[in-house]
Amino acid sequence: MTAIDDAPRGLPRTADNALLAEAGTGTRVEFRGVVKDYGPTRVLHGIDLDIRPGEFVSLLGPSGCGKTTALRVLAGLEQASGGSVLLGGQDVSGVPTNRRDIGMVFQAYSLFPHLRVVDNAAFGLRRRGVGRTAATRRAGDALDLVGLGHLADRFPHQLSGGQQQRVALARALVTEPRVLLLDEPLSALDAKVRVQLRDEIRRIQLRLGTTTVFVTHDQEEALAVSDRIAVMNAGRIEQIGTPEDLYLRPETPGVAAFVGLSSVVPATVSGGIASVLGATVPVVGEVADGEAEAFIRPENVRLGGPIAAVVQESTFLGSMRRTLVRTEQGAQLWLQHPVAERLGFDERVTVGIAPVPVVVRPRG
Amino acid sequence: MNAAGMAPARLTRWIIGVVVGGAFLVPLVGTFLYTLRDPAGGVTLAHWASLFDPAHAATLRPILLGLGNSLILALVTVAIVLVVVTPTIILVNLRFPALRRAFEFVALLPISIPAIVLVVGLAPIYLQIGRALGTGAWTLAFAYGITVLPFAYRAIQASLDAIDLRTLTEAARSLGAGWPDVVLRVLVPNLRQGLMAASLISVAVVLGEFTIASLLNKQVLQTGMVVVQKQDAFAPAIFTLLSLAFVFVLLLIIGSVNTGSPGARVRKNTTRKAS
């Protein structure tokens, strides 16, 4: 292995860095009723999304939900079947990818194998007519930004996966694009590098003020870095909101199930109040009275309370312990509790549910 | 059983090597010894020396004329491979992947069609080509473009399969590259080995082709040798050895390009997983 480690280096605090010196306010990005069909199959059912200048928005959803297609339509790599995409108020639907002034980082390693790192980073500038010397200098600044200035003369195959994606990020940012598109750029990396690079992308994005659209299926990733998240399912946006909104106030059962961990337990709804395993909790939104299922977050279930249960499994997560219990009615409940409370398999415990508003769906 | 399991034992390998090598070498050595033979008995270099004898030039003219034509044909054929075949293969892979199977079938078809059958179909077309572009020997390159298609296709497709064509293309597009830049600055450098192999194989095929040229009445190296052979049996033998040596060198170049270059290491990069 020729590559050196991926230790985070932070941002250079220098005003000499051309990219940092020219940091702007970003460009507004709008999807207006974007529809995409592949033959008879409709994969995007009218996407509406208004992204503010400089905002970091994630498209989050399971595979096949259309998030990558939406990003590719924005990039111009796919043609929308209907609707339009606006960059800075200008309809770019008919503009080819190479004239949209975007930067993109792909899931697969996309560095040009025959070019040195610095030439990879300078590629976009050279295509815009910037002279070799100036392009190389700016490419060096961009590589400094991702902490890889010292590897400028290497070839891509001499870098680790994390380093390659950093170079790809520098290459995408060096042209000061109107919008930065990230198509699951972290999914090929191992867990530790993934978290480092994720946080670094966010730091750099905040410094440069580049409007960014980030596609991911990893809800933890999206929650950690986004200003807002659009949760997608089956070609539609189910909910757009801040990470806190989505986690604390999911509007649909789909969002509640996909964002964060929930236990799904039987409940009875009556007048906006749900009765869950004997506890009464307020209900989010309008739900018809009757039999339902409630989504209970592990942090809203505590040890000690009126519900008798048996421990099924208990996992040590470092700062806390997460335990799955089975109540006497047969419901499975996740709960979170301090590490000091060690619970064994089959141990009898009692638990309680906090009166925090819950999302419910009618039982089908 | 040795470590490799199915690999033959050392002795078996040697026997195979000697038998196969012998099958190749016996005719070559025979031809070489023939070119050294003195009709009066004994060994002489006179036949090799006569290649440079001005008095002998008239006899050799068909071969030299044919060699010139063949070299021009090789150049035009390589141009067809690089300018027509290569962009087509890239286009099919990028835009019409559903057509890949059909395209592959068509591209490999000429290998199964005897040259004589090809000529029957080509003759009327060459009547038209003759009217439009003249009857110069270089027009044979259109037919040769078809003959070399299977070899060129395999070489180029193999090197396309070794890179992540779609991602590299889309990355270049997203960075502002137009299609000419995508092909010339990103794809061609990464397909270098495949393009080199396709070109050199095309040259080898063109230099060795006889049937089509002969039946369409064009003078190329091979037809020239047949003509000369009727007056001087030794000169064609010498040219055969020389052209075989030339093709052998071409194949050596292909081999070394495919294994020894930095590009060979670059390829592994595209299949590599996380750090």
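Predicted, not measured: the structure shown is a model, and the values here were computed from it.

K.L.:
Mind showing me how you'd approach the overall build of chain B here?
P.N.:
Counting its secondary structure elements, chain B contains 14 helices and zero strands. The secondary structure elements of chain B, listed N-terminal to C-terminal, are α-α-α-α-α-α-α-α-α-α-α-α-α-α. The C-alpha extent of chain B, read off along each of the three principal axes, is 75 × 65 × 35 Å. Within chain B, contacts between residues at least 6 apart in sequence are counted, and of these 79% link residues at least 24 apart.

K.L.:
In this structure, what is going on with the overall build of chain A? I would like to understand it.
P.N.:
Summing up its helical and strand segments, chain A has nine helices and 19 strands in all. Projected onto its principal axes, the C-alpha coordinates of chain A cover approximately 75 × 50 × 35 Å. Burial status across chain A gives 47% buried among its 364 residues. In chain A, 68% of the contacts between residues at least 6 apart in sequence involve partners at least 24 apart.

K.L.:
I tried to follow helix α4 (residues 132–145) of chain A on my own but got confused; where do I start?
P.N.:
Residue and element names in this part refer to chain A. For α4, with 14 residues, the first-to-last C-alpha span of 20 Å sits near the 20 Å given by 1.5 Å per residue. Looking at α4, one finds that the buried residues are Ala135, Arg138, Ala139, Asp141, Ala142, Leu143, Asp144 and Leu145. On its buried face, α4 is in contact with α1 (18–21), α3 (117–127), α5 (161–173) and α6 (191–208). Note on α4: the residue one or two positions beyond its end, Gly147, has a positive phi of about 75 degrees.

K.L.:
When you look at the sheet that holds strand β18 (residues 348–353) of chain A in this model, what are you seeing that I'm missing?
P.N.:
Pairing between sheet strands relies on hydrogen bonds along the backbone, with the strands arranged either parallel or antiparallel. Residues and elements named next belong to chain A. Strand order in the open sheet formed by four strands is β17-β16-β15-β18, with antiparallel pairing between adjacent strands. With partners counted over all chains shown, the strands left at the sheet margins are β17 (332–337) and β18, one partner each. Across the sheet, the axes of successive neighbouring strands diverge by a mean angle of 50 degrees, strand direction being ignored. Judged from the six bridges that link them, strand β16 (residues 321–327) and β17 form a sheet pairing that is antiparallel. Looking across to β17, one finds that Arg326 is bridged to Gln332.

K.L.:
Which parts of the structure should I look at to understand the sheet that holds strand β6 (residues 102–105) of chain A?
P.N.:
Residues and elements named next belong to chain A. Overall, mixed pairing links the six strands, which are arranged β6-β7-β8-β3-β9-β10 in an open sheet. Each edge of the open sheet is held by one strand with a lone partner, namely β6 and β10 (236–241). Each adjacent strand pair in this sheet contributes to an overall mean axis angle of 20 degrees, direction not counted. Packing of α5 onto the sheet brings it into contact with β6 and β7 (179–183), and relative to β6 it is tilted by some 175 degrees.

K.L.:
When you look at the interface of chain B and chain A in this model, what are you seeing that I'm missing?
P.N.:
Often, the extent of an interface is quoted as the loss of accessible area on bringing the components together. Counting residues at the interface gives 23 residues for chain B and 31 residues for chain A. Going through the elements one at a time, α8 (165–174), α9 (179–190) and α14 (262–271) of chain B are the ones with two or more residues in the side of chain B that touches chain A. For the side of chain B that touches chain A, the element with the most residues is α8(B), which contributes six residues. When its residues are assigned to classes, the side of chain B that touches chain A shows eight nonpolar, eight polar and seven charged.

K.L.:
What is the right way to look at α3(A) in this model?
P.N.:
Note: α-helices contain 3.6 residues per turn, so residues at a spacing of three or four share the same orientation. All names here are of chain A. Across the 11 residues that make up α3, a large majority, nine, are buried. When we look at burial in α3, the residues that qualify are Val117, Val118, Asn120, Ala121, Ala122, Phe123, Gly124, Leu125 and Arg126. Summarising the contacts, the buried residues of α3 are in contact with α4 and α5. One or two steps after α3, the chain reaches Gly129, where phi turns positive at roughly 85 degrees.

K.L.:
Looking at this structure, how should I read unusual backbone geometry?
P.N.:
The phi torsion of most residues other than glycine is negative, and most of the peptide bonds are trans. All names here are of chain A. In this structure, Asp101 is a non-glycine residue whose phi angle is positive, near 60 degrees. When you line up the elements, Asp101 lands in the loop between β5 (90–91) and β6. Owing to 19 C-beta atoms within 10 Å, Asp101 belongs among the partly exposed residues under this scheme.

K.L.:
Would you mind showing me how to read the pairing of strand β2 (residues 41–51) of chain A here?
P.N.:
Consecutive side chains of a regular strand alternate in pointing toward one face of the sheet and then the other. Residue and element names in this part refer to chain A. Pairing of strand β1 (residues 29–38) with β2, which is carried by eight bridges, proceeds in the antiparallel orientation. The residue of β2 that forms the bridge with Val34 is Ile47. Counted between consecutive antiparallel strands, the loop separating β1 from β2 contains two residues, among which Gly39 sits at a positive phi close to 60 degrees.

K.L.:
Would you take a moment to explain the packing of helix α3 (residues 57–95) of chain B against helix α12 (residues 221–229) of chain B for this structure?
P.N.:
The packing of two helices is summarised by the inter-axis angle and the distance between the axes. Residue and element names in this part refer to chain B. Closest axis-to-axis distance for the α3/α12 pair is 7 Å, and the angle between their directions is 175 degrees. Looking at the two axes, α3 sits roughly antiparallel to α12. For the pair α3 and α12, contact is made by Thr59, Leu60, Pro62, Ile63, Leu65, Gly66, Leu67 and Ser70 and by Leu221, Thr223, Gly224, Met225, Val227 and Val228, respectively.

K.L.:
Looking at this model, I keep getting lost on the environment of A:Val92. Mind explaining?
P.N.:
All names here are of chain A. Looking at the secondary structure, you find Val92 in the loop between β5 and β6. As a C-alpha pair, Val92 and Ala75 span 17 residues in sequence and 9.6 Å in three-dimensional space. Those residues in contact with Val92 that lie beyond four places of it in its chain are Val85, Leu86, Leu87 and Arg100.

K.L.:
Please clarify how the packing of α3(A) against α5(A) should be interpreted in this entry.
P.N.:
Residues and elements named next belong to chain A. Across the interface, α3 lies against α5 with an axial gap of 7 Å and an inter-helix angle of 30 degrees. Classified by the angle their axes make, α3 and α5 are roughly parallel. In terms of crossing hand, the pair formed by α3 and α5 is right-handed. Where α3 abuts α5, its residues Val117, Asn120, Ala121, Phe123 and Gly124 lie against Val167, Ala170 and Arg171.

K.L.:
Explanation requested: the confidence of the model for chain B in the structure shown.
P.N.:
The predicted structure's coordinates, where accompanied by low pLDDT, should not be read in detail. All names here are of chain B. Overall, the prediction assigns chain B a mean pLDDT of 87, with 91% of residues at 70 or greater. Put simply, α14 is where chain B has its lowest mean pLDDT, 42, and α8 is where it has its highest, 96. Confidence over residues 260–275 falls short of pLDDT 50; this stretch has 31 contacts with residues more than four positions distant or in other chains. Note on the complex model: pTM 0.81, ipTM 0.84.

K.L.:
Looking at this structure, I do not really get the confidence of the model for chain A. What am I missing?
P.N.:
Summing up the model confidence of chain A, the mean pLDDT is 90 and the portion of residues at 70 or higher is 95%. Across residues 1–13 of chain A, confidence stays below pLDDT 50; counting only partners more than four residues off in sequence or on other chains, it has 21 contacts.

The rules we used
- Residues numbered from 1 in each chain as written.
- Chains lettered and ligands numbered in written order.
- Predicted model: local features only at pLDDT ≥ 70, side-chain atom pairs only at ≥ 80, totals over all residues.
- Helix = DSSP H or I, 4+ residues; strand = E, 2+ residues; numbered from the N terminus.
- Contact = placed C-beta atoms within 7 Å.
- Buried ≥ 20, exposed ≤ 12 C-beta atoms within 10 Å, placed from the backbone.
- Expected span 1.5 Å × (residues − 1).
- Pairing = 2+ DSSP bridges.
- Axes fitted to C-alpha atoms, helices over the stretch in contact; angles between N-to-C directions.
- Nonpolar A, V, L, I, M, F, W, Y, C, P; charged D, E, K, R; others polar.
- Parallel < 35°, antiparallel > 145°, perpendicular 65-115°, else oblique.
- Left-handed = near helix turned anticlockwise from the far one by under 90°.
- pLDDT = per-residue confidence, 0-100.

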